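Close look at the chain arrangement
Listed here are the chains, written in short residue letters.
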Amino acid sequence: MPVEELNPGHYPARRAAVVAQHHLNTQHGSPYRWLLLERVLSATLEAMAGMGMKYNVEFSVKDAVTDQSVGLCSSEVLFPASGGSEEQTPPHVQSSCENLLNSNTTEEEKALHLQLRGNSSLVSGDYIPDSFGFIAPEMKPFWHLAGVASSFVMLKESNESTLYNMAQVANVTQLESQNDTLMFRYHVLLHEMVSQEIIHWKLLVSWCPAEGVKVLSAEWQPKCQHCVVPLAKTTQTPPDTSPTPP
Amino acid sequence: MITPATSYKDPSAQHRAMENGQQALELNNYNYTRYHSMDEISGWMEQVVKENPGLVSSEVYGETFEGKNITLLKIGLDSGSKKKAIWMDCGIHAREWIAPAFCQWFIKEILRTHKTDEKLNLMLHNLDIYVTPVLNIDGYVYSWSNESNRLWRKTRSCPAPHCECYGTDLNRNFYANWGMVGISRNCCSEIYCGPNVLSEKEAVAVTEFVGQRVGEILCFLTIHSYGQLILVPYGHPEITAPNYDELMQVGLAAAQAIKDVHGMNYIVGTSPDVLYPNSGSSRDWARLMGIPYSFTFELRDKGQHGFKLPEEQIQPACEEAYAGACSIINYVHDKAFNISTTMTTTTMETTTAPAPRNNAALWTTLLVSCLTATTLL
């Protein structure tokens, strides 16, 4: 199959790059590192017989926490052939980046972790950001963590016909935990650009500086009682989310 | 110290409430770097008209499903002769709050600069600018009603008998390949195109007002968020605008003007190229009706904050979008009124466009001659 050059400004390239962005967050995200696609530099597409559609994208990445450009990444994103099934099959992603982890967030993470372990009460919050886009400064790490955790779901839910962003944290609640690993229950609202739907998920998220962010369970929430669109699913995300090479 | 957000009060909320109570409709005190409720915007519109006689007038040109007046502001100076016009609407989708904020900013900037900016002054003698700050008023009011309704997109029309969800996507409801691509027939979908074309009173209002002025309106601008895009017709992937090449050049010049302000990148293209295919949009309808320049702006950002663009970004987002809109309006004005600029020279080069677009180039050339002829008459 020939390799097709894609216009980096066109949607196929951008959708693939956003999938790669979600993958990077599952690998490197933390309450102090939330990676976002900045700009697609180049992209190619290759139809792989029997396997699916393989995109190669080069793009720049920014860290939403510092609003600084943090490096260039090159990713291979394979959307597996559905084989005629309606089931969502998660894409396979492999990435390599330059300079990405040069920004050291260890100290901030340790400090936040220590603070949360030592708090007499558990953290909770609603509507982050509020209707006016405002986020209380001390809640920002929990917004970033939600963005990273949402990327686990958005990665699994993505295909060539989707473009996902996190729209809002409806609620975050810190749970009691017995060890160093902090636990949070999140209700997040995702915006899917193509359908323009706001999709609700409830996530159980764990975090500690040594282990990073994990999504222990993710449960899709129906939009409303009377309008269940055929997207309903509950997925269990295994702790190890590294992709199987295609 | 981490404080639970439930007990945290946004300090700006209190400030906002005080401001709104005190400002008592003094335009000088109006804060353009905050989001405003429909009541505040309506009050602001009345005040703009009151304080700018001979320049700004208002017109009610329709009503919403819930019976609220849809009002536009008409900005222009009396020239004693027949004028051309520019259309701009904001807030066709309720949750895109930066759009109404931009329409207000756009008018504020014109009012602030028209006396000193000679070019703008000339344009206001040649053109009337029709601006609808909020088109989907019912939806906008609903999105303000409480935090869980903030992300409402559609109108608030009652569900069809077979369905239990409110509202139609206004930007899928216009008479432009209605119901064909990028739409849903499920009334619970966010891109529900409505039970039939122009089922929504808001879409009818625009269709009637603009439809009666097709010869007058040169340019149709419809303001949305988010994504940082400038979209040109058409949303249907199988149809190409006859002046596609020129629309792209004008759009790319606007994107450059935007970038020059704060360095933000905007992507320019048809919706099926850069976003997704869709039919029934007002932009496509305007172009199909014969309005030569029709663009959708998708303002900041690219997804980090999405519809909830922080208020501190209202100013930079509006400054850059203002530069983009002015770039387009300048071009359209200069071409219609035979003012030679570098852009018009560029346009003439479309005759060397690649084969599939040759008819577009021809059309462009014809348009130029038509406009010249009209002006001579």
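Residues numbered from 1 in each chain as written. Chains lettered and ligands numbered in written order. Predicted model: local features only at pLDDT ≥ 70, side-chain atom pairs only at ≥ 80, totals over all residues. Heavy atoms only, no water.

- An unreviewed UniProt entry lists chain B under the name Peptidase M14 domain-containing protein, with Aldrovandia affinis as the source organism.

- Under an unreviewed UniProt entry, chain A has the name Cystatin LXN-type domain-containing protein and belongs to Aldrovandia affinis.

**Describing the state of the cysteines**
All names here are of chain B.
- The tally for this structure, following the rule as stated, stands at four disulfides over all chains.
- Across the disulfide, Cys163 is cross-linked to Cys187 (sulfur-sulfur distance 1.4 Å). Taking the sign of the S-S torsion, about -70° here, the bridge from Cys163 to Cys187 comes out left-handed. Residue Cys163 is located in the loop between helix 5 (137-145) and helix 6 (201-211), and its partner Cys187 is located in the loop between helix 5 and helix 6; the two are separated by 24 residues in the primary sequence. The pair formed by Cys163 and Cys187 is uniform in burial state, with each residue classed as buried.
- Between the sulfur atoms of Cys165 and its disulfide mate Cys188 the distance is 2.0 Å. Handedness here is read from the sign of the S-S torsion; for Cys165 and Cys188, about 85°, the answer is right-handed. Here the residue Cys165 occupies a position in the loop between helix 5 and helix 6, and Cys188 occupies one in the loop between helix 5 and helix 6, the gap between them amounting to 23 residues. Across the pair, exposure class does not vary: Cys165 and Cys188 are buried alike.
- Across chain B, the way the bonded cysteines pair up, counted in sequence order, is 1-2, 3-5, 4-6. (Disulfide = S-S within 2.5 Å. Helix = DSSP H or I, 4+ residues; strand = E, 2+ residues; numbered from the N terminus. Buried < 20%, exposed > 50% of the residue type's maximum accessible area, 1.4 Å probe, protein only.)

**Focus: the nonpolar core**
All names here are of chain B.
- Trp87, Phe102, Phe106 and Phe295 are the most contacted members of the largest nonpolar core, which totals 93 residues.
- The element contributing the most residues to this core is helix 10 (residues 314-336), with eleven residues.
- Setting aside anything within four residues of it in sequence, one finds Phe102 in contact with Met88, Cys90, Ile223, Leu299, Cys318, Ala321, Tyr322 and Ala325. (Core = buried A, V, L, I, M, F, W, Y, C linked by side-chain atoms within 4.5 Å. Contact = heavy atoms within 4.5 Å.)

**Considering the pairing of strand 7 (residues 267-270) of chain B**
Residues and elements named next belong to chain B.
- Examined bridge by bridge, strand 6 (residues 229-232) and strand 7 share four bridges and lie parallel to one another. In the sheet register, Leu229 faces strand 7, and the bridge partner there is Ile267.
- In this region the chain leaves strand 6, passes through helix 7 (residues 244-262) and returns to the parallel neighbour strand 7; the handedness of that crossover is right-handed. (Pairing = 2+ DSSP bridges. Right-handed = clockwise from strand over helix to strand, strands pointing away.)

**Structural notes on the packing of helix 7 of chain B against helix 10 of chain B**
Residues and elements named next belong to chain B.
- It is at 8 Å that the axes of helix 7 and helix 10 come closest, and there the two elements cross at 145°. As helix 7 runs across helix 10, the sense of the crossing is right-handed. Listed contacts from helix 10 to Glu246, Val250, Ala253, Ala254, Ala257, Ile258, Val261 and His262 of helix 7 are Pro316, Glu319, Glu320, Ala323, Gly324, Ser327, Ile328, Tyr331 and Lys335.
- Tallied by class, residues from the contact of helix 7 with helix 10 come to ten nonpolar, three polar and four charged. (Axes fitted to C-alpha atoms, helices over the stretch in contact; angles between N-to-C directions. Left-handed = near helix turned anticlockwise from the far one by under 90°. Nonpolar A, V, L, I, M, F, W, Y, C, P; charged D, E, K, R; others polar.)

**So, the interface of chain B and chain A**
- On the side of chain A, 50 residues touch chain B, which itself brings 45 residues to the contact.
- At the junction of chain B with chain A, the criterion picks out zero salt bridges.
- Counting only elements with at least two residues in the side of chain B that touches chain A, the list comes to helix 1 (11-23) and helix 8 (271-274) of chain B.
- With three residues, the top contributor of residues to the side of chain B that touches chain A is helix 8 of chain B.
- Class assignment for the residues of the side of chain B that touches chain A results in 23 nonpolar, nine polar and 13 charged. (Salt bridge = Lys/Arg side-chain N within 4 Å of Asp/Glu carboxyl O.)

**Focus: the UniProt feature "active site" (unreviewed entry) in chain B**
Residue and element names in this part refer to chain B.
- Sites flagged by UniProt as "active site" (unreviewed entry) map to Glu298.
- Examined against the element boundaries, Glu298 turns out to sit in strand 8 (residues 293-299).
- Of note is the side chain of Glu298, whose polar atom sits 3.4 Å from the backbone nitrogen of Ser225. (UniProt positions renumbered as here; feature names shortened; annotations may be inferred. Polar contact = N/O pair within 3.5 Å; in protein donor to acceptor, adjacent residues only side chain to side chain.)

**Description of helix 2 (residues 38-51) of chain B**
- Over its 14 residues, helix 2 of chain B runs 20 Å from end to end, which matches the ideal 20 Å to within 8%, given 1.5 Å per residue.
- When we look at burial in helix 2 of chain B, the residues that qualify are Met38, Glu40, Ile41, Gly43, Trp44, Met45, Gln47 and Val48 of chain B. (Expected span 1.5 Å × (residues − 1).)

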